[in-house]
Amino acid sequence: MLIALTIALVCSIAYNVYQHKVIARSEGALFDWSYELERDIQVCRLRTDGSLLSVWYDLNEDLADDSSVYFDNKGRSASAWVDLDYDGIMDLEYVLGMDGEILATYEDSDRDGRVEDYTRHTNDSLITYRDKNQDGHFAFTEIIERRSR
Ligand SMILES: [Ca+2]
Ligand SMILES: [Ca+2]
Ligand SMILES: [Ca+2]
């Protein structure tokens, strides 16, 4: 009896989470959203040809997505976003190369909703720029750190 009740409760919670996630995504004209209950991910596909565009994760299970991976037109991961402080705004973006290697990161370091740090990943070093004058460009004069790797 208790087992049946527990199963019913778990099913009910899972269903409510599912409903919430379905409602949370409005269906756009260009995209099809689907929710995979087993993996607890949201999948976004292009409506025109069904190709995979992005996958969204809710890592801290608060019903709000906090990370996502975008794919290029060959299905390779091209970039990833992470909401580090779980406030609903993505803070860190990884730009990925053809083999999934990190080419660069962009980060909203002070969490004001605006990206100001850019780190270029080369073969032997990481070079971080901060957009001090907030013009959207990362100039050589704005390099704040160089690390070898
Ligand atoms: Ca979350
Ligand atoms: Ca955030
Ligand atoms: Ca910022």
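Structure: above.
Since the structure is predicted, the reported quantities are computational estimates derived from the model, not experimental observations.

Asker: Explain the overall build of the protein chain to me, and be specific about the residues and the numbers.
Answerer: A count of helical and extended segments in the protein chain gives 1 helix and 10 strands. The order of helices and strands in the protein chain, counted from the N terminus, is α-β-β-β-β-β-β-β-β-β-β. Here the protein chain, with 149 residues, has 13% of them falling under the buried criterion. Once local pairs closer than 6 in sequence are excluded, the contacts in the protein chain between residues at least 24 apart make up 6%.

Asker: Any details on the environment of Glu-145? Residues and values, ideally.
Answerer: Counting through the fold element by element, Glu-145 comes out in strand 10 (residues 143–148). A count of 11 C-beta atoms within 10 Å places Glu-145 in the exposed class. For the pair Glu-145 and Leu-126, spaced 19 residues apart in the sequence, the C-alpha separation amounts to 8.0 Å.

Asker: Give me the sheet that holds strand 9 (residues 125–130): which residues, what numbers.
Answerer: Spatially, the 10 strands line up as an open sheet ordered 1-2-3-4-5-6-7-8-9-10, and their pairing is antiparallel. This sheet does not close on itself; its edge strands, each paired only once, are strand 1 (31–36) and strand 10. Mean inter-strand twist for the sheet, computed between neighbouring axes without regard to direction, equals 15°. Looking at chain direction, strand 7 (residues 102–107) and strand 8 (residues 117–121) are connected through 4 bridges and run antiparallel. What sits directly across from Glu-107, in strand 8, is Asp-117.

About the thresholds
- Residues numbered from 1 in each chain as written.
- Chains lettered and ligands numbered in written order.
- Predicted model: local features only at pLDDT ≥ 70, side-chain atom pairs only at ≥ 80, totals over all residues.
- Helix = DSSP H or I, 4+ residues; strand = E, 2+ residues; numbered from the N terminus.
- Buried ≥ 20, exposed ≤ 12 C-beta atoms within 10 Å, placed from the backbone.
- Contact = placed C-beta atoms within 7 Å.
- Pairing = 2+ DSSP bridges.
- Axes fitted to C-alpha atoms, helices over the stretch in contact; angles between N-to-C directions.

The values are spatial; any link to function lies outside them.
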